[in-house]
Amino acid sequence: MKNWFPALVVIASIAAGPAGTGAADAPPPDRDLRLPPDLTEILRAEMREIASGVQGVTLSLATADWKAIQDTSARIRASYIMEKQLTAAQARELERALPEQFRLLDAEFHQRAGQLGAAAAAKDAELAVFHFSRLLESCSRCHSRYATGRFPGFAPVTPPDHGH
């Protein structure tokens, strides 16, 4: 069996910081999403469910619990809450309110969840860790672009004025 534990440690460090957020190909942050309160709450509930699932995947990777990883990735791909709780009017409002780049990042995230599930189905630890790292990278890219108010660690660093 390949030694993949060091890769898991790297994954944990990725989750802790904004490295590899793809900032070079993205416009400047400070584009926090502006959604009506009902949609904001549904989105936040979705993010809480995803965060819980992602945290569980970390332990599942370390213990080779392939079924748990497959189940979690399937729930992520199916959008825990959004698909289930949106009314038709809310779905239209969300479609109108979300920027195209957000939708692309969201699609990438869900695709990564599927790839993680496939790697778990194959019981390929190294590939599962790789796709998990890319899943976390998707989170960071989206948060650094659309949620710097909620996650100020992603806000751009403003160089101090030198007053020469």
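Anything mentioned here points back to the structure above.
It should be emphasised that the depicted structure is a prediction, and the values quoted were computed from it without experimental measurement.

Visitor: Any chance you could break down the overall build of the chain for me, citing the residues and the numbers?
Guide: Within the chain, the secondary structure is distributed over 7 helices and 0 strands. In sequence order, the chain lays out its α and β elements as α-α-α-α-α-α-α. Counting all 164 residues of the chain, 36% fall into the buried class. Considering only contacts in the chain between residues 6 or more positions apart, those separated by 24 or more positions represent 78%. Taken as a whole, the chain presents about 9700 Å² of accessible surface, with 58% of it coming from carbon and sulfur.

Visitor: Any details on helix α6 (residues 100-121)? Residues and values, ideally.
Guide: Spanning 22 residues, α6 covers 32 Å between terminal C-alpha atoms, matching the ideal 32 Å at 1.5 Å per step. When α6 is considered as a whole, its buried residues turn out to be F102, L105, E108, F109, H110, R112, A113, L116, G117, A119 and A120. At its buried positions, α6 is contacted by α2 (37-63), α3 (66-77) and α7 (125-146). Looking one or two residues past α6, K123 carries a phi angle of roughly 55 degrees, positive in sign.

Visitor: Lay out the pattern of salt bridges with the relevant residues and their values.
Guide: Counted under the stated rule, the structure contains 7 salt bridges. Between R103 and E95 there is a salt bridge whose closest N-O contact spans 2.4 Å. Accessibility expressed as a relative area gives 25% for R103, which makes it partly exposed. Residue classification places E95 among the partly exposed positions, given a relative accessible area of 48%. It is possible to trace a salt-bridge network through shared partners that takes in E95, E100 and R103.

Visitor: Summarise the side chain of H131; cite the residues concerned and give the values.
Guide: With respect to the helices and strands, H131 occurs in helix α7. According to the relative accessible area criterion, H131 is buried, its value standing at 9%. Residues contacting H131, with those up to four places away along its chain left out, are R112, Q115, L116 and A119.

Visitor: Let's hear about the side chain of R112: which residues, and what values?
Guide: Mapped onto the fold, R112 is located in helix α6. Setting aside its immediate chain neighbours within four residues, R112 contacts F130, H131, R134, L135 and S138.

Visitor: Account for the packing of α3 against α6, naming residues and giving values.
Guide: Direction vectors running N to C along α3 and α6 enclose 160 degrees, while the axes themselves pass 8 Å from each other. The pairing of α3 with α6 is recorded here as roughly antiparallel in orientation. The handedness of the crossing between α3 and α6 is left-handed. Touching W66, I69, Q70, S73, I76 and R77 of α3 are F109, H110, A113, G114, L116, G117, A120 and A121, all from α6. Here the residues of the contact of α3 with α6 are counted per class, giving 8 nonpolar, 5 polar and 1 charged.

Calculation rules
The residue numbering used here restarts from 1 in each chain and proceeds along that chain's sequence as written. The predicted nature of this model means local features are confined to residues of pLDDT at least 70 and side-chain atom pairs, given and counted, to a pLDDT of 80 or more, with totals for whole chains, interfaces and linings taken over all residues. Side-chain numbers come from the whole structure's heavy atoms, not from hydrogens or water. Comment: elements are numbered from the N terminus, with helices defined as DSSP H or I runs of at least four residues and strands as E runs of at least two. Burial classes follow relative accessibility: with a 1.4 Å probe on protein chains only, a residue under 20% of its type's maximum area counts as buried, one over 50% as exposed, and anything between as partly exposed. Note on contacts: a residue pair qualifies if any of its non-hydrogen atoms lie within 4.5 Å across the two residues. Method for areas: the Shrake-Rupley scheme with a 1.4 Å probe, in which residue coverage is limited to the protein chains shown. The span you would expect from a helix comes to 1.5 Å times its residue count less one. For salt bridges, the criterion is a side-chain nitrogen of Lys or Arg within 4 Å of an Asp or Glu carboxyl oxygen. Each axis is a line fitted through C-alpha atoms, and for a helix only the stretch in contact is used; angles between axes span 0 to 180 degrees, taken between their N-to-C directions. To sort the angles, those under 35 degrees are grouped as roughly parallel, those over 145 as roughly antiparallel, those from 65 to 115 as roughly perpendicular, and the leftovers as oblique. Two helices cross in a left-handed way if the nearer one is turned anticlockwise from the farther one by less than a right angle. They cross in a right-handed way if the turn is clockwise. Ten residue types, Ala, Val, Leu, Ile, Met, Phe, Trp, Tyr, Cys and Pro, are classed as nonpolar, four, Asp, Glu, Lys and Arg, as charged, and the remainder, Gly among them, as polar.

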